[in-house]
Protein chains: 2
Amino acid sequence: MHAVALRRGETSPELIEKPRPEPEPGEALVRTLRVGVDGTDHEILAGHHGGFPADDDHLVLGHEAVGVVDDPNGTAFAEGDVVVPTVRRPLPDGPTEYFERGEPDMAPPDETTERGISGEHGFMSEYFTSPAENLVPVPDELADWGFLVEPISISEKAIEHARASRSAFDWRPESALVLGNGSLGLLTVAMLDSEFDRVYCLGRRDRPDPTIDVIEELGAAYVDSRVTPVDQIPDAHEPMDFIYEATGYAKHAFESVEALAPNGVAALLGVPDSWSFEIDGGKLHRELVMNNKALVGSVNSNYRHFESAVETLADMPEWLLDDLVTGVYDVSNFESAFADDETTIKTAVKFDSQ
Amino acid sequence: MHAVALRRGETSPELIEKPRPEPEPGEALVRTLRVGVDGTDHEILAGHHGGFPADDDHLVLGHEAVGVVDDPNGTAFAEGDVVVPTVRRPLPDGPTEYFERGEPDMAPPDETTERGISGEHGFMSEYFTSPAENLVPVPDELADWGFLVEPISISEKAIEHARASRSAFDWRPESALVLGNGSLGLLTVAMLDSEFDRVYCLGRRDRPDPTIDVIEELGAAYVDSRVTPVDQIPDAHEPMDFIYEATGYAKHAFESVEALAPNGVAALLGVPDSWSFEIDGGKLHRELVMNNKALVGSVNSNYRHFESAVETLADMPEWLLDDLVTGVYDVSNFESAFADDETTIKTAVKFDSQ
């Protein structure tokens, strides 16, 4: 079968041939429909993130997948069920407590693999196998968009954890700011739209720009970071009750403290490299304390968040998905899904056209 | 009546005479028993914190009080009830939503006064008045130690908010680290002792030292920050599931990220001045995200936390309170309560010896 993989030592994906996998007991065989491409994939290609399976010279890419159960193999699924796989799997020496509790997203990085990212092949191949317990059912009518369930689940978790951090008091948030106008940022703007009175999204693009169009079509306000740096947002707009950081730009994590309203929380999701810079640590520390602010880091997501994400996706308007997904390319043309220009928001590779 | 106050322009407290206050409708008149002295008082004296009542040339000090209801004045209290007052009061132009919700601790600093700290006279006088709704009943047998309810309530809130931030998953903390071996730090070590398997307390003192004795008597481990800086604690001891920062040393707030175990949380309580320094912001940001860590600022406390603090105080062993409270001085000798040397842990001024 075809698979899109990164070979050791390379920085571009290539199309390879692999045998169709055989499901083990408890696993189903899934025929892949579509697999999304995101920033993590580009970081893997650049060698900044992830790792190869120990015994292989390549990593099959892809962690945002949707497929159809081809062989239920004795699991509770039926042939034809549309499913989305979760990403984290136990290490070969067995599941740790986090997996046993159904919270692999809380496992430290060295206690988990991530399919298509670190230590295990991903889903960007004509077929993949997965334990049934890691397959999330999706309604048939969402089959075309199901590859968005994984990224949405990331935000479901981050928002849940941020809200939890404000659950010891009567939090009444009104304003939210998303840092980053990539596809994850835009999906999150759409998610926050129903929960917050006013939503802002920060980027650094000139008009006309398709991401700014999406932001404004959603009723949110675009903030150009070149005009209004994060720490000046309270003066230029308003202090933010909730901030969602998806830029990986480390200064944003710390400047968020200044952009937050009293009792606000920033959910951090970016994964930057080491980078030293000066901050007014006294002022930030004081701000955190005197105004009861919080910073909450969040990575990955678990089955429950995938289930919420399926519901969230079902509620998203068709125009948004059409505008967000700027390209779905047949596997024979997979390179186009990894190209990136100013008109690209979200792309996917599809396997179901033959 | 006698009162201990700071006059504008001065840096030392003095004994002044003031008329005994008359309770307004809804207020009780309280005869003061004891009033604790803490780091905030010293910061007020140094001019680093707090503010005078608008129309007065002085601020009566004291925010950690215990007293006896002298005149219930039609409130639900009875004469002789032992009570502890909460600290925050609405601004003269009326209570904001935070007060109306019973959460004045969540009010931004410019929407509240703090008795004995900012904008309103404190409790370090022979009598004080307070709305009955701001008086917390205390069992008679705790009258001598009731001035510890306020500082304990500060930790009740901080711990509650930190726990809330971990409530979206199955958090199973074992290790806790208190940064700071002042009286608040030591009270918190005692509080954490029953909740965590292993508790550590960081200070910078040589043995023999009374705070180290208390730490070790509580079964906790003393960590000398001159030997083991915060970011080296995981290697020297273990990563910490919970960190409680009460030093006001801004670098500790950021180094906490490195001392935390995966999924850990640091509660920040210190109030430093502006201070710029370099950090590896990329590394800290990455750590927060990849290991689901959180930083939660916390200030003040509300009625509910005072109620919890009364229960916590009742459970504290007598030896601990005896060792912690190194001096209780008659108001005629109030200066001794503000002196500070290596043998001082916690002091109070008492008004009931005449």
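Rules used throughout
Every chain is numbered on its own, with residues counted from 1 as its sequence reads. Each chain gets a letter, beginning with A, and each ligand a number, beginning with 1, in the order they are written. With the structure being a predicted model, the display of local features is reserved for residues of pLDDT at least 70 and the display and counting of side-chain atom pairs for 80 or more, all residues being used for whole-chain, interface and lining totals. Hydrogens and water molecules were not included; the side-chain quantities draw on all heavy atoms of the structure. The helix count covers DSSP runs of H or I at least four residues long, the strand count covers runs of E at least two residues long, and both are numbered beginning at the N terminus. Any residue under 20% of the maximum accessible area for its type is buried, any over 50% is exposed, and the rest in between are partly exposed; the area is computed with a 1.4 Å probe on protein chains only. Two strands pair if DSSP finds at least two bridges between them. Source of the domain bounds: an automatic or database domain assignment. By definition, residues are in contact when any of their heavy atoms lie within 4.5 Å. Buried area is a sum: the accessible area each of two parts loses on coming together, probed at 1.4 Å, counted once for each and added. A carboxyl oxygen of Asp or Glu within 4 Å of a side-chain nitrogen of Lys or Arg is what we treat as a salt bridge. Axis definition: a line fit to C-alpha positions, over the contact stretch in the case of helices; interaxial angles, taken between N-to-C directions, run 0 to 180 degrees. Only residues with pLDDT of at least 70 in both copies count here: their C-alpha atoms drive the least-squares fit that superposes the copies.

J.: Go over unusual backbone geometry, please, and point to the residues and values.
T.: Pro208 of chain A follows Arg207 of chain A through a cis peptide bond whose omega is -5°. Topologically, Pro208 of chain A is positioned in the loop between β13 (198–203) and α5 (210–217). With phi around 70°, Asn263 of chain A is a residue other than glycine that occupies positive phi space. Mapped onto the fold, Asn263 of chain A is located in strand β16 (residues 260–268). Even without being glycine, Asn292 of chain B reaches a positive phi, approximately 50°. For Asn292 of chain B, the location among the structural elements is in the loop between α8 (281–290) and β18 (294–297).

J.: Tell me about the pairing of strand β3 (residues 27–37) of chain B, and name the residues and values.
T.: Each regular strand displays side chains that alternate between the two surfaces of the sheet. All names here are of chain B. Burial runs high along β3: 10 of the 11 residues are buried. With 5 bridges connecting them, β3 and strand β10 (residues 127–131) associate as antiparallel partners. Bridge pairing in β10 links Val30 to Phe128. Where β3 lies against strand β5 (residues 64–71), 7 bridges are found, and the strand directions are antiparallel. When the sheet's bridge partners are listed, Val35 is paired in β5 with Ala65. Two elements, β3 and strand β20 (residues 346–350), share 4 bridges in a ladder whose sense is antiparallel. Residue pairing for β20: Val37 is matched across the bridge by Thr347.

J.: Quick rundown of the domain arrangement of chain A? Include the residues and the values.
T.: All names here are of chain A. Each assigned domain of chain A is listed with its residue range as follows: domain 1 (2–137 + 317–350) and domain 2 (155–297). Relative to domain 2, the C-alpha centre of domain 1 lies at a distance of 29 Å. At the interface, 13 residues of domain 1 touch 15 residues of domain 2. Between domain 1 and domain 2, the buried area comes to about 1100 Å², and carbon and sulfur atoms account for 69% of it. Considering only the side of domain 1, the residues that lose the most area to domain 2 are Trp319, Glu342 and Ile345, jointly responsible for 40% of the buried surface there. Linking domain 1 to domain 2 there are 2 salt bridges. A salt bridge links Glu342 to Arg205; its shortest N-O distance comes to 3.9 Å.

J.: Residue-level account of α8 of chain B, with values.
T.: Residue and element names in this part refer to chain B. Counting buried positions along α8 yields 7 of 10 residues, so the element is predominantly enclosed. Of the residues making up α8, those classed as buried are Gly281, Gly282, Leu284, His285, Leu288, Val289 and Met290. Asn292, located one to two residues past α8, shows a positive phi value of around 50°.

J.: Describe the sheet that holds strand β18 (residues 294–297) of chain A, and please don't skip the residues or the numbers.
T.: Spatial ordering of the open sheet is given by β14(A)-β13(A)-β12(A)-β15(A)-β16(A)-β18(A)-β18(B)-β16(B)-β15(B)-β12(B)-β13(B)-β14(B), a layout of 12 strands whose pairing is mixed. Edge positions in the sheet fall to β14 (221–224) of chain A together with β14 (221–224) of chain B, since each of these pairs with one other strand and no more. Sheet twist, expressed as the average angle between the axes of neighbouring strands with direction ignored, equals 20°. Pairing between strand β15 (residues 240–245) of chain A and β16 of chain A: 5 bridges, direction parallel. Its bridge partner lying in β16 of chain A, Ile243 of chain A is registered against Ala266 of chain A.

J.: Go over the relation of the copies chain B and chain A, please, and point to the residues and values.
T.: With an RMSD of 0.0 Å, the fit of chain B onto chain A corresponds to turning through 180° and sliding 0.0 Å along the axis. The transformation just described matches what one would write down for a two-fold rotation axis. Taken together, the interface assignments show that 98% of the residues at the interface of chain B recur at the interface of chain A, consistent with an identical surface on both copies.

J.: Describe the pattern of salt bridges, naming the residues involved and giving the relevant values.
T.: In the structure shown here, the tally under the stated rule is 42 salt bridges over all chains. A salt bridge links Arg7 of chain B to Asp57 of chain B, with the nearest nitrogen and oxygen atoms 3.4 Å apart. Here the residue Arg7 of chain B occupies a position in strand β1 (residues 2–7), and Asp57 of chain B occupies one in the loop between α1 (39–45) and β4 (58–60), the gap between them amounting to 50 residues. Judged by relative accessible area, which is 28%, Arg7 of chain B ranks as partly exposed. Shared partners join several salt bridges into a network, and the residues in it are Glu97 and Arg101 of chain A together with Asp170 and Arg172 of chain B.

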